[in-house]
Amino acid sequence: MIMRVMGEGQFKVGDGHLNELNRLDDELLTALEAGDETGFRAALGNLLEAVRKFGTPLPDDSLEPSDLILPDAEATVEEVREMLRDEGDGLIPGLPE
């Protein structure tokens, strides 16, 4: 799966890491719903760090279509809420059963 982190670039992340990324995405959603700014910052940072850790950066000149677009680390609560309105169930979709 190709994930774009706004302002950073694209990362190719294997499907084997999606469960962990979904768990971190759930933490982000929980913090957003609770209006917990500190928790939101930590959860967003943890999610982006996991994408960097598990993903392989694609070259800057690569033109691969992104499967997911994630906010940058400086995104506001409102910016992420707007992205979630478009996605429905978090930034990272659940795995098919």
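Report on the accompanying structure. Owing to the predicted nature of the structure, the values given are computational and were not obtained by experimental measurement.

Thresholds, definitions, all that
Residues numbered from 1 in each chain as written. Predicted model: local features only at pLDDT ≥ 70, side-chain atom pairs only at ≥ 80, totals over all residues. Heavy atoms only, no water. Pairing = 2+ DSSP bridges. Helix = DSSP H or I, 4+ residues; strand = E, 2+ residues; numbered from the N terminus. Buried < 20%, exposed > 50% of the residue type's maximum accessible area, 1.4 Å probe, protein only. Salt bridge = Lys/Arg side-chain N within 4 Å of Asp/Glu carboxyl O.

**Some thoughts on the sheet that holds strand S1 (residues 2-5)**
So, step 1. On the basis of which strands lie adjacent, the open sheet formed by four strands has the order S3-S2-S1-S4 and mixed pairing. Pairing within the sheet leaves two strands with one partner each, and these edge strands are strand S3 (56-57) and strand S4 (68-70).
So, step 2. By the bridge criterion, two bridges tie strand S2 (residues 9-12) to S3 in an arrangement that is antiparallel. Residue pairing for S3: Lys-12 is matched across the bridge by Thr-56.

**Some thoughts on the environment of Asp-36**
So, step 1. Relative to the helices and strands, Asp-36 resides in the loop between helix H1 (18-34) and helix H2 (37-54).
So, step 2. Judged by its relative accessible area of 35%, Asp-36 is partly exposed.

**Focus: the pattern of salt bridges**
So, step 1. For the structure on display, the rule yields six salt bridges.
So, step 2. As a salt-bridge pair, Arg-41 and Glu-37 come within 3.4 Å of each other at their nearest N and O atoms. One end of the pair is Arg-41 and the other is Glu-37, both in helix H2 and four residues apart, which spans about a single turn.
So, step 3. Owing to a relative accessible area of 32%, Arg-41 belongs among the partly exposed residues under this scheme.
So, step 4. Of the charged contacts in the structure, one is a salt bridge between Arg-52 and Glu-49, with a shortest N-O distance of 3.3 Å. One end of the pair is Arg-52 and the other is Glu-49, both in helix H2 and three residues apart, which spans about a single turn.
So, step 5. Classification of Arg-52 by relative accessible area gives partly exposed; the value is 28%.

Note that every value here comes from positions in space, so none of it alone points to a role or purpose.
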